[in-house]
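Read off the chains here:
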Amino acid sequence: MSALEFRTAIRDAIAEELERDESVVFFGEDVAAAGGVFVATPDLHERFGPERVFDTPISEMALAGAAFGAAVAGLRPIFEVMFGDFMALPMDSLVNQAAKFWYVSGEQGTVPLVVRSAVGGGGRFGAMHSQIHASWYQGIPGLKIVFPSSPAEAKGLLKAAIRDDNPVVFLEHKRLYAVKGPEPEPGEEVIALGTARVARAGSDLTIASAGKGAADALVAAEALQQEGVDVEVVDLRTLRPLDVDTVLESVGRTNRLLAVEEGPRTGGWAAGLLGAVAERGLHDLDDAWIVATQETPVPYAPTLEDAYIPDAEAITAAVRARLGLRASPASAAARA
C-alpha cells in the first residue's frame with residue numbers, strides 16, 4: 001500500500017469533497033494561489049476555479065462572518081485560519097452565531113462550515129504561533145472539535161467534517177504535515193465524528209490523546225513494552241463530542257488512565273476527560289459525579305431557563321437521587 005503524506009491527505013479530502021458536492025467552497029489567507037503557508041492546499045485553485053477556491057484579505061473576523069452567511073444560505077464553506085492562535089478573532093461568529101443557529105432557529109437551520117487551522121508547538125514559532133485552541137471552544141454546545149493523528153485519519157475525519165451539518169473546528173498539528181502513513185482502508189474513507197479508536201491494544205495502562213499526542217503515545221508504548229509495560233493507546237480523534245465510552249472500556253481492561261494533552265492542565269480537555277471517567281467509572285460506588293448544565297445554549301423561556309441552571313435545589317435533588325435519600329418534610333413543604 002502506498003504512503004500518504006498528512007498535508008496531501010488534507011488536500012485530497014478537500015478536493016474530493018469539492019468534486020462530490022457543488023455547494024462546497026474553500027477560502028482563506030494564501031490558500032489558493034500560494035497553496036497554503038504549509039503547502040497543504042496546492043492546485044485546488046487551478047482545478048476548481050476562483051469561484052470555489054479563492055484567497056481572502058487577512059481578517060479572521062471577516063472570514064468567519066462570510067462562512068456563517070454562506071453556510072446558512074446553503075453552501076458548505078471550508079475556511080482556513082492560518083495559525084490556530086488567531087482563532088480568538090472569529091470567536092463571536094463561531095460561538096454566538098454558528099454554534100447556536102440550529103438551536104435558536106427551532107432546529108430549522110444548519111451551519112455546515114469547517115474552520116481549519118495549523119496548531120501546536122515544536123516548530124520554533126514562539127508563544128503566539130504555537131498554541132492549540134481546542135480548549136477555548138471546548139465548552140460551546142453546537143461546535144465539534146476534530147484533531148487527527150495520522151494521514152488516513154486526517155482524510156477521513158476532514159471528509160466527515162465537511163459533510164456534517166454542524167460547525168466543525170478542525171485542528172492540524174504542524175509537526176504532522178510531513179508525516180507519511182498508510183492510505184485509508186477500504187470503507188474508512190470517511191470516519192464518523194465522535195468515535196475514538198483503540199490504536200494499540202494493551203493490558204497495563206491506557207494512554208488517551210489526540211493529534212500528535214496520540215502519535216507520540218504509540219511511540220512511547222513501544223518503548224515501555226521493552227520495560228515490561230503493556231500500554232493500550234486510545235486515539236480520541238474528536239475532542240467534542242468526546243467518546244468517553246471507548247475510554248471507559250479501555251480503562252476497564254487496564255485500570256489505569258493517562259491523558260496526554262499539549263496544553264495547560266487548567267481548563268484543558270484532559271481534565272474534563274478524567275472527570276468524565278471518574279464520574280461514570282465510579283458510578284456504582286457513588287464516589288464521584290458532576291452536576292452541570294445540559295449540552296445546549298441557555299434557553300430563553302423562563303421555565304426552561306430555570307430548569308437549565310444547576311441551582312441549590314438541583315444540587316440537593318442530585319445528591320438525594322444518587323444516595324437514595326427521601327426529601328425531608330421541611331424541604332417538601334418549602335417546595336409546596
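Let me begin by describing the structure that accompanies this report. (Residues numbered from 1 in each chain as written. Predicted model: local features only at pLDDT ≥ 70, side-chain atom pairs only at ≥ 80, totals over all residues. Heavy atoms only, no water.)

Some points on the packing of aromatic side chains
Note the following rule: The criterion for an aromatic pair is that two Phe, Tyr or Trp rings (for Trp, the six-membered ring) have centres within 6.5 Å, with stacked assigned to planes under 30 degrees apart, edge-to-face to planes over 60 apart and tilted to the rest. For the purposes of this entry, the term helix denotes a DSSP run of H or I that reaches at least four residues, the term strand denotes a run of E that reaches at least two, and both are numbered from the N terminus. For every residue, the accessible area (1.4 Å probe, protein chains only) is compared with the maximum for its type, and the residue is labelled buried under 20%, exposed over 50%, or partly exposed between those bounds.
Tallied over the entire structure, the rule returns eight aromatic pairs. Seen from their ring centres, Phe38 and Phe125 are 6.3 Å apart, and the 75° between their planes marks the pair as edge-to-face. Taken together, the residues Phe38 in the loop between strand E2 (24–28) and helix H2 (44–48) and Phe125 in the loop between strand E5 (114–119) and strand E6 (144–146) connect sequence positions 87 residues apart. Here Phe38 falls in the buried class, since its relative accessible area comes to 14%. For the pair Phe83 and Phe125, a centre-to-centre distance of 5.6 Å together with 65° between the ring planes defines the contact as edge-to-face. Here Phe125 lies in the loop between E5 and E6 and Phe83 lies in strand E4 (residues 76–83), a separation of 42 residues in the sequence. Exposure remark for Phe83: the relative accessible area of 10% places this residue in the buried category.

Notes on empty space enclosed by the protein
Gaps left between atoms are located by rolling a probe of water-molecule size over the structure's atoms. Rules: Grid points spaced at 1 Å and placed over the protein atoms alone form the basis of the search, with a cavity being a set where a 1.4 Å probe fits but cannot get out and a pocket an open set showing protein on both sides within 12 Å along at least five of seven lines. Lining residues have an atom within 4 Å of a point. Grid points are joined across faces, edges and corners, and a volume is the space filled by probe spheres set on the points.
Counted by the stated rule, this structure contains one cavity of 30 Å³ or more. Of the volumes computed, that of the largest cavity is approximately 60 Å³. At the level of secondary structure, the elements contributing two or more residues to the lining of the largest cavity comprise E4 and E5. Broken down by element, the lining of the largest cavity gets its largest block of residues, three residues, from E5.

Description of the sheet that holds E6
Convention followed: Strand pairing is assigned whenever DSSP identifies at least 2 bridges connecting the two strands. Lines fitted to the C-alpha atoms define the axes, with helices restricted to the stretch that makes contact. Angles between their N-to-C directions range from 0 to 180 degrees. In this analysis, two residues are considered to be in contact whenever any of their non-hydrogen atoms come within 4.5 Å of each other.
Strands sit in the order E3-E2-E4-E5-E7-E6-E12 across an open sheet of seven strands; the sheet is mixed. The sheet is open, and its two borders are formed by strand E3 (53–55) and strand E12 (238–240), each paired with just one other strand. Averaged over all adjacent pairs, the angle separating strand axes in this sheet is 20°, with direction ignored. Sheet analysis places E5 next to strand E7 (residues 168–173), joined by six bridges and oriented parallel. Bridged to Arg116 within E7 is Phe170. Seen against the sheet, helix H1 (residues 6–20) touches E2, E3, E4, E5 and E7 and runs at an angle of roughly 135° to E2. Of the strands in this sheet, E2 and E4 touch helix H3 (residues 60–72), which is tilted by about 165° from E4.

Brief notes about the layout of surface pockets
Put simply, the rule reads: Side-chain classes follow a simple rule in which Ala, Val, Leu, Ile, Met, Phe, Trp, Tyr, Cys and Pro form the nonpolar group, Asp, Glu, Lys and Arg form the charged group, and the remainder, Gly included, forms the polar group.
Considering only enclosed or pocket space, the largest pocket measures out at about 930 Å³ in volume. Around the largest pocket sit 29 residues that line it, and Arg240, Ala276, Ala292, Thr293 and Glu295 are the ones nearest its centre. Of all the secondary-structure elements, those providing two or more residues to the lining of the largest pocket are E12 and helix H8 (269–281). It is H8 that contributes the most residues to the lining of the largest pocket, six residues altogether. Partitioned by chemical class, the residues of the lining of the largest pocket number 15 nonpolar, nine polar and five charged.

Brief notes about the nonpolar core
This is how it is decided: For the purposes of this section, nonpolar cores are sets of buried Ala, Val, Leu, Ile, Met, Phe, Trp, Tyr and Cys residues that join through side-chain atoms within 4.5 Å.
Formed by 42 residues in total, the largest nonpolar core has its most connected members in Phe79, Leu113, Leu171, Leu236, Leu239 and Leu273. Of all elements in the fold, only E2, H3, E4, helix H4 (91–104), E5, E7, helix H7 (244–254) and H8 reach the threshold of two or more residues within this core. Among all residues touching Leu113, those that are not within four sequence positions of it are Ala67, Phe68, Ala71, Pro77, Phe79, Leu94, Ala98, Asn166, Pro167 and Val168. In terms of nonpolar packing, the next biggest core, distinct from the first, is built from 35 residues, Leu44, Phe83, Phe170 and Leu176 among them.

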